[in-house]
Every structure is written in structure tokens, then in C-alpha cells.
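Overview (structure and organization)
The chain contents come next:
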Amino acid sequence: MTTTLQQLNACDSAEFVRILSGIYEHSPWIPERAAARRPFSSLTALKQALQAEVESAHEEEQLGLIRAHPELAGKAAIAGQLTKESTGEQAKAGLNNCSPEEFATLQKLNADYNAKFGFPFILAVKGPDGKGFNRQQIIAAFTRRLKNCRADEMAEDLRQIHRIAELRLNDLFGYTPALGNTIMEWAETIGAWSDDDEGLTCAYMTTAHRKTAAQLATWMREAGMEVHIDAVGNVVGRYLSDRPDAKTLMTGSHYDTVCNGGKYDGREGILLPIAVVRHLHERGEKLPFHLEIVGFSEEEGVRYKSTFLGSNAIAGRFDMALLDKLDAEGMSMRAALIDAGHNPDAIPQIARKPEDLLGFVEVHIEQGPVLLERGLPAGIVTSIAGSCRYLVELTGVASHAGTTPMHMRKDAAAAAAEIILFVERRCAQAPSLVGTVGQLQVPHGSVNVVPGACRLSLDIRAADDATRDAARADILREIETICARRNIEFRMELLVSAPAVPCAPWLMEQLAASTARAGIAPFKLTSGAGHDAMAIAAVTDVAMLFTRCGNGGISHNPLETMTADDAEISAQIFLDFLRNFRRDG
Ligand SMILES: [Zn+2]
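Residues numbered from 1 in each chain as written. Predicted model: local features only at pLDDT ≥ 70, side-chain atom pairs only at ≥ 80, totals over all residues. Heavy atoms only, no water.

This brings us to unusual backbone geometry. In this model, Arg38 is joined to Pro39 through a cis peptide bond whose omega is 0°. You can see Pro39 is positioned in the loop between helix H3 (29-34) and helix H4 (43-55). You will see that Lys305, though not glycine, has its phi angle at about 50°, which is positive. (Helix = DSSP H or I, 4+ residues; strand = E, 2+ residues; numbered from the N terminus.)

Written out as C-alpha cells, the structure reads:
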């Protein structure tokens, strides 16, 4: 028989602890303390309360919880000494069927991990969608995490314990994250279509890109939407209201990817609203406004080195001169569009009229570790960081590495090194400020020549323009100082300067209310990454909902991950937001 929330809220503390005894391994103190936090409004609220007890516990108690867990395929597992829950989970991951080599590898990893950190390695082996990791994936995760530092691994172990508890609670309650599972399955389906044999690359107007667009259109149609693919390749689905005077609330994100990217970046923000609309349509539920989901065709700039093609077209800001840009093979954007059956001349007609729009809300995986570190499945974005990018060229004198005395050198690379360290120091001075030198070259460099030239990129971002501009001014001044002292000439070219985009407070408030109703404390954070919402902000108010990103918050990488449960929570927040949406202002 499954447990219900009413049961848990109504029973005495002893019974509450007994029912939840198998959720956190050999640690009854967790439900004992959480019992006082009743009643819980939802299963999510219960999960959050149990997690909060662990997070606020002493380090010794946390270590006790971690050490109460068995090693993966360890001695206790072999001897049949695990709890019922652990036995089932390890067997489902096939850890009871290891080859002798795999078994030896796992024993060595267990020993090394324990020796390095003083506690066992813990992994929720059922994985992000509950279907289970295979043994190769488990060994890969183990090997990767062994390289981390102790504090990070302790935090990660606790997060994995929370994930194990989440899956056990789902079983106990007979609960399935239905919308989340759909989103994960769809992401898996289109995530398999790539321009390359290995990894996920989906660049503008390639075969994989066009196939993905067609599939998105199919899912939108099946969900009860009116669908078309526009001249720039955006997949547009409209869930129409019965009201004749209805305006349009827009949502969506991009379906292109970076080279060897993640399955959820962009795509979550298309698939999640489709799953939500399908849910509404199945119930015959209409909205008092039209809901438009846009799968933006291009945001990342991989093929034509120009970003936001899809969202800029919707905002009426598509630069028609871009059509003449060539890709690496010499094919123009215009030719690529015509080849895909589009009419590039019709792109200006895509532009939306601001007066038809109610706003734009984008759901996106966070692509960073903030929500992960706070133990929150979702968060509300306050502002999308503006960025400025420069190319810096330093010119010194190339001279003989053996004969040029140290005090007589004009070493362009050494100047670059000083610049990089200053960027790092200066950009650590404000919370949302970040600065990166991502490209660094010594053109025609040689092992026996003092570098006569050096080229470096510079990317500075912050949630507000004043913070970014102050950092930019300091960095430019320091570059001058360093170069003057070292007798280096420099030239700087401004490549990009985009202002920060604040999210609309009235939309943020409604997202926060929906988040609270989902059983989660509303948490606000800034977005360091650019998103389609930045472009759409030119025509309507925007807001964003972030979903927690696993694996330390890594993105633009095949390791990017999120869970079905977190996708479900974001979907429930979005659904609640739609049902309660009011136009404000
Ligand atoms: Zn993205």
C-alpha cells in the first residue's frame, strides 16, 4: 500500500519516523527532526524539509549519514548485508553482475576514494530519469569525482543521498513525475540526432537541425497546437484561446546546440511547455490567452558565428546582411535557408507586434551551480548579464631566447599573463561579475624565441551594466599600465557590447508565487549566460525560470544533466503560472 501525505501529516511522530525509516539510510534523526515541520503541502515540500534537516546538521552528523551508506559493489553488498532499498538499487544498476575486471576497478576506486576523502563514494545509481546508470557510466562518474577536492565531494555525496531519498519517496508514495519523464524522453530522442557521429552538435539548418524542427512540430501538433515553421526556421506552436480578443503569451527557447553540447540547454524550454500544453489539451482546458511556444532555430552561433538568429527575427531585429555570411564550407546562410525550403526574403515578416504580446517567459537549465549548491530544484532569474568582448593584440619584439637578457625583453606573452591575472583578480570583486580570457595565442611562436606578439580574447559580464563598466574601465587602465611598463604596444577591438536585460518584476512575482505553491522557497538569481529572452526583451516584458543543473552545474558539455523530478517541478511551476497568469502594468 502506498503512503499518502495526509497520513504523514496526521500520524504521531513515532509513526512518521517509522514510515520514513528507509528513506535516509540508518539515520532516523532526519525524520525525527523533520516531523516538527509538519504539515507538508506537497511531496516536494516534504523532500525539501528532509533535505533542510541534513543541511543544517553538524558536519559529524552529515559524515555519519554518508558513512551509513554501503560502498557500490562493496564487501557489504557481496555479503548480502545491505538494506532492502540498497540491495534493490545496486541490483538494478547491474552491480551484482560485474565482470571480474569491472569488479576489480570498482574495488580499487572504492579504496582510493575512501583513502582520499575518508568517506564512501555515493551515487544515486537510478540516475536522472530513474531508469538507472549502466556500469560504464557508474565507473566513469566514480573516476571523474575521485579527482575533486574533499569539500566538493562531501557536498556531492549529500546531494546524491538526497536524490536517492527522492527516488525512495517516489516509490513510497507511488508517485511518478509524468511531465518530467516525458520531457526527459523527448530530450533523449532529439538528443540522439547530431551533425557529428559522437556527441550532440545541432548547428543551424543542418540535416539534424531540420529533423529536430520537424519532430518538435509533430509533438506540438499532437499536443493540440496550431503549428508552422517560419522563414528563419523557428518552430512555432500556438495553443489558441477561445476568446476572440485574446493576446499572446510567448514562451520557448532554442533547439540548436554548441559543438558537443548538452541535451537540455535550450531544448528544455521548448519541450517543457509542449508537455504542459499536452496536459492541458488532454483535459480540455483552455487558457484566457493564446500561448505560443517558439523553438528558436539558432542561438549559439556555431555555423555562422552570429547568435540569436531565431529570436532576433521574432523581435524584428534580424540583420538581413547576415544572409551573405558563409559557413566553413563556403555556403551562404541564404543558400542554406533556400536549400532547407525556406524563403529568406520573408524573414522581416516574422516580426511580432508588441501590442499583440502579453510577455515572454523562458524556461532554461541553469548551466551553473547556484541552485545545485542551494539544494533548490528551480529558481527565478532577476536579470540576464550583459557582456562585452574584446580582442586584444599585444606587440613586443621577437628575439633570441638564448641571447636576450631578461631585463631587455619585450615579451608580449608575459604581458598577456599579467593581464589575465589582473582580469581574474578584478572580476572576483563583485558577486555577479565574471571575466574570462578564453583565447590566447602566440602567433608564429617558437620554443627558442621570446614572444613578439600575443593575441587574447576578453569577455566581461555582470548582472548590471554599472558593475561591468567599472570593471571594464579598471581592466583597460591596467592593460595600459602593464604595456607601458613592459614597452609593449597594444590594440583593442570591441567585438560585442550588449547591455544587461532585467526581468520584469511583475512576471517574476507571478513565477515566485507559483514556485511557493509548488512547495519550494522562491529563490532569485542572475543569469551569467545569454538567452533568447534577451532578444525578445526588445518587444515585450521577459522573465526566466531556471531548472537545477546537476554534475556540478556543468553545461555546453555532454555531462550536462538534470533530473526528471526537477523537470517535473519546473513544469508544475509553469503550469501553475499559466493558470494564474494576470497581465499587470
Ligand atoms: Zn541555451
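We are not done yet, so read on.
Glancing now at the coordination of the zinc ion. With distances of 2.0 to 2.3 Å, the protein atoms coordinating the zinc ion are His254 (NE2), Asp265 (OD) and His364 (NE2). Here the donor residues of the zinc ion are spaced in sequence according to H-x10-D-x98-H. Of the two residues, His254 sits in strand S3 (residues 248-254) while Asp265 sits in the loop between S3 and helix H13 (268-282), which places them eleven residues apart along the sequence. Both residues of the pair, His254 and Asp265, belong to the buried class. (Donors = N, O, S within 2.8 Å, 3.2 Å for Na, K, Ca; no water. Buried < 20%, exposed > 50% of the residue type's maximum accessible area, 1.4 Å probe, protein only.)

Moving on, we come to helix H12 (residues 207-222). With 16 residues, H12 extends 23 Å between its outermost C-alpha atoms, agreeing within 8% with the 22 Å of an ideal straight helix rising 1.5 Å per residue. Among all positions in H12, only Ala208, His209, Thr212, Ala213, Gln215, Leu216, Ala217, Trp219 and Met220 are buried. At the exit of H12 stands Gly224, carrying a positive phi of roughly 95°. (Expected span 1.5 Å × (residues − 1).)

Turning next to the environment of Gln90. Following the sequence through the fold, Gln90 ends up in helix H7 (residues 84-92). C-alpha of Gln90 to C-alpha of Val125: the two residues are 35 residues apart in sequence and 7.1 Å apart in space.

Within the structure shown, the criterion is met by 13 aromatic pairs. Ring geometry for Tyr113 against Phe117: centres 4.6 Å apart, planes inclined by 65°, an arrangement best described as edge-to-face. Of this pair, Tyr113 and Phe117 both sit in helix H8 (residues 100-117), four residues apart, which is roughly one turn of that helix. Each member of the pair, Tyr113 together with Phe117, is buried. When the centroid spacing of 5.4 Å and the interplanar angle of 75° are considered together, the rings of Tyr113 and Phe121 count as edge-to-face. Looking at Tyr113, the relative accessible area reads 0%, which means it is buried. For Phe121, a relative accessible area of 1% puts it in the buried group. Among the aromatic residues, ring-to-ring pairing joins Tyr113, Phe117, Phe119, Phe121 and Phe142 into one connected group. (Phe/Tyr/Trp six-rings, centres within 6.5 Å; stacked < 30°, edge-to-face > 60°.)

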